[in-house]
Amino acid sequence: FHIAWHVPELRHPDVPMLDVLAVLLGSGRSSRLFQEVREKQGVVHYVDAWTYNPGSAGLFGLSAVVDADKFEKARDAMLAEVEKLKTAPVAAAELSKAVKQFISATLSTRKTMQGQAADLGGSWLAAGDLNFSERYLAAVKRITPADLQRVARQYLTRENRTLYALLPS
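The shown structure was predicted, so the numbers you read here are calculated from the model rather than taken from an experiment.

1. Here's the deal with the pairing of strand 2 (residues 46-52)
- As paired strands, strand 2 and strand 3 (residues 58-65) are joined by seven bridges and run antiparallel to one another. If you follow Ala-49 over to strand 3, its bridge partner there is Leu-62.

Right, dumping it as structure tokens:
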């Protein structure tokens, strides 16, 4: 199943914060969703968080693979992790780790000439700016715990949420 929220287009100043929020929530074995929902509660087989921003308005989402009888527990546990972001600021060390993960993943795509060309082309096509990705990474480095809490409260609301689940009848 997938839970998604509408978010602004790529050039909006809140989008870097949403990208880092996705890393913090659902990127890797040490992420909040993996640790709490998969490891501790054991209600999902797979869980992650992501952003999709094609240049126009995008999505922030959570995805999981779950047994049908655990769907409601998994959904509620994942949404509870989102709510925690709204009520308590992220620790500075956790934010720093997420920022490093995001920057590392971004820079690793530029190891080859093909990756560098794709970065320039993507910057131009999505933002009309060849230096967009450099400015984007600079914005990521300036993110604070208060920024993450603000965007979670602003975008990750019940009214802005869509749920898609493929379950047996």
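2. Considerations on the pattern of salt bridges
- Counted under the stated rule, the structure contains eleven salt bridges.
- Note that Glu-134 and Arg-110 form a salt bridge whose closest N and O atoms lie 2.5 Å from each other. Residue Glu-134 is located in helix 6 (residues 132-141), and its partner Arg-110 is located in the loop between helix 4 (92-108) and helix 5 (113-127); the two are separated by 24 residues in the primary sequence.
- Classification of Glu-134 as partly exposed rests on a relative accessible area of 44%.
- In this structure, a network of salt bridges that share partners links the residues Arg-110, Asp-119 and Glu-134.

3. Description of the sheet that holds strand 1 (residues 2-7)
- If you trace the four strands from one edge of the open sheet to the other, you get 2-3-1-4, paired in antiparallel fashion. Strand pairing shows two members of the sheet lacking a second neighbour, strand 2 and strand 4 (161-164), which therefore form its edges. Geometrically, the sheet is characterised by an average inter-axis angle of 15° between neighbouring strands, direction not taken into account.
- In the packing of helix 1 (residues 15-26) onto the sheet, contacts are made with strand 1, strand 2 and strand 3, and the angle to strand 2 comes to roughly 175°.

4. Section: a nonpolar patch on the surface
- Nonpolar side chains collect at one region of the surface, where Leu-120, Trp-124, Leu-125 and Leu-130 lie side by side and expose about 470 Å² of accessible area between them.
- Tracing the backbone shows Leu-120 in helix 5.

5. Quick notes on the packing of helix 1 against helix 3 (residues 71-87)
- Between helix 1 and helix 3, whose axes approach to 11 Å, the crossing angle comes to 125°. As the angle between them shows, helix 1 and helix 3 are arranged oblique. Like other packed secondary-structure pairs, helix 1 and helix 3 cross with a definite hand, here right-handed. Together, Leu-21, Leu-24 and Leu-25 of helix 1 and Glu-81, Val-82 and Leu-85 of helix 3 make up the contact between the two elements.
- Its residues placed into classes, the contact of helix 1 with helix 3 shows five nonpolar, no polar and one charged.

Calculation criteria
- Residues numbered from 1 in each chain as written.
- Predicted model: local features only at pLDDT ≥ 70, side-chain atom pairs only at ≥ 80, totals over all residues.
- Heavy atoms only, no water.
- Pairing = 2+ DSSP bridges.
- Helix = DSSP H or I, 4+ residues; strand = E, 2+ residues; numbered from the N terminus.
- Salt bridge = Lys/Arg side-chain N within 4 Å of Asp/Glu carboxyl O.
- Buried < 20%, exposed > 50% of the residue type's maximum accessible area, 1.4 Å probe, protein only.
- Axes fitted to C-alpha atoms, helices over the stretch in contact; angles between N-to-C directions.
- Contact = heavy atoms within 4.5 Å.
- Patch = residues over 30% accessible without salt bridge, like charges linked within 9 Å, V, L, I, M, F, W, Y side chains within 5 Å.
- Areas by Shrake-Rupley, 256 points an atom, 1.4 Å probe, with all protein chains shown as cover.
- Parallel < 35°, antiparallel > 145°, perpendicular 65-115°, else oblique.
- Left-handed = near helix turned anticlockwise from the far one by under 90°.
- Nonpolar A, V, L, I, M, F, W, Y, C, P; charged D, E, K, R; others polar.

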